[in-house]
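Observations on the three-dimensional arrangement
Residues per chain are reported as follows:
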Amino acid sequence: MKLLVYGAGVLGSLFAARLHEAGHDVALLARGERLAALRRHGVQLAEEDSPAVRRVPVPVVEHPDGGYDLTAVLVRAHQVDAVLESLAGLQGDVLFLHNWAGGPEPLGSVIGHERVLLGFGTDGGTMDGDVVRHRADSFVTRRVAMPIGEPDGRTTPRLERIVRTFRTAGINARAEPRMDAWLKTHAAFAMPLEQAVYAAGGPVALADDPDAVRGMLRLIRQNLAAMPTPPVPRGFAALRTLPEGLLVAVLRRFLRSPAAVYSGLSNASPATAAELARLAEQIRAHAKDR
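Details of the environment of G125
Looking at the secondary structure, you find G125 in strand β9 (residues 125-128). Given a relative accessible area of 6%, G125 falls into the buried group. A sequence separation of 107 residues divides G125 from R18, and the C-alpha atoms of the two residues are 15 Å apart. Once residues within four sequence positions are removed from consideration, G125 is found in contact with V10, R133, H134, R135, Y262, S263 and G264.

Thoughts on helix α1 (residues 10-21)
Compared with an ideal rise of 1.5 Å per residue, which puts twelve residues at 16 Å, α1 spans 17 Å between its outermost C-alpha atoms and is within 8% of the ideal. Within α1 the residues assigned to the buried category are V10, L11, G12, S13, L14, F15, A16, A17, R18 and L19. The positive-phi residue at the C-terminal boundary of α1 is G23, with phi of around 95°.

A look at the sheet that holds strand β1 (residues 2-6)
Hydrogen bonds along the backbone pair up the strands of a sheet, which may run parallel or antiparallel. Across the sheet, which stays open at both edges, the eight strands sit in the order β5-β2-β1-β6-β7-β8-β11-β12 with mixed pairing between neighbours. With partners counted over all chains shown, the strands left at the sheet margins are β5 (60-61) and β12 (173-175), one partner each. Across four bridges, strand β6 (residues 70-73) lies against strand β7 (residues 93-97) in parallel orientation. Pairing of T71 across the sheet is with V94, part of β7. Relative to strand β2 (residues 25-29), α1 is tilted by about 160°, and along the sheet it contacts β1, β2, β7 and β11 (146-149).

Some thoughts on the side chain of K184
By secondary structure assignment, the location of K184 is in helix α7 (residues 179-200). A distance of 2.7 Å separates a polar atom in the side chain of K184 from a polar atom in the side chain of D180.

What counts and how
Throughout, residues of each chain are indexed from 1 in the direction in which the sequence is written. Selection of residues for local features in this predicted model requires a pLDDT of at least 70, selection of side-chain atom pairs for listing and counting requires 80 or more, and totals for whole chains, interfaces and linings are taken over all residues. The side-chain numbers reported here are obtained from all heavy atoms of the structure, hydrogens and water having been left aside. Labels follow the DSSP assignment, with helices taken as runs of H or I lasting at least four residues and strands as runs of E lasting at least two, numbered in each case from the N terminus. Exposure is judged per residue with a 1.4 Å probe applied to protein chains only, and the accessible area is read against the type maximum: over 50% gives exposed, under 20% gives buried, and values in between give partly exposed. Contact criterion: two residues are considered in contact whenever any of their non-hydrogen atoms come within 4.5 Å of each other. The span expected for a helix works out to 1.5 Å for each residue beyond the first. The rule for pairing is simple: two strands pair if DSSP sees at least two bridges between them. In this description, a line fitted to the C-alpha atoms serves as the axis of each element, helices being fitted only across the stretch in contact, and the angle between N-to-C directions of two axes falls anywhere from 0 to 180 degrees. For this analysis, a polar contact is any N or O atom pair within 3.5 Å, provided that within protein one partner can donate a hydrogen and the other can accept it, and provided that sequence-adjacent residues contribute only side-chain to side-chain pairs.

The following block contains the structure:
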């Protein structure tokens, strides 16, 4: 399988490096200064705050073409329209691995519904200049699989092939039959979380403000209650039923953990605000369908 990873941020760079090291025919699409840095040094990886930086010479390209069996898209939600435009008219399956609560229809209407797969990258990290500082593996993170699914929930040969490909690269992927509902549930949780972190100036700063965490939790509960379908995974229903005090304590502990600090939550760039605005728009539209 010939692969293109579209987007050279944290997850795109990390996935492309792992696929390349596993021997897959993969290229990483980047633009501007990021493209120049990748051509000079390759993908540079470091585990959290480790001084050791590893360089992986992943092939890079500036524009997509029709020669790929699978394009894995790892960009922010507000950047998807530009990606769709560049992929329209090409061939090959397209796996969207990012925050997205808009459903598969707007994706398929541009590039062809038969090409679309949905998923979500569950790794995390931050950009330190040109170095990707990724979250360290732990017992918990190793148990959190990256879900991938067909829009209609079927288990197809191409889905099984894609899951196997990621697993050979050490990426814990799994088939998810309710991928669209999974993404909508995740957005209902993640948007208030990321908005609160953004407003506070980082996850640790938010953890130090229990009133802000409590307000964030109430927004999460409102979003989950407004969903026209049950949450996926079902464990998210606990956010609506467990005592508020207990959940606030758990969330504050998470926000102080390395898993939160190196998850990308600390990114306070304008792109974060733009993505949150797009997700909020999608969640509102989804709630109207109730």
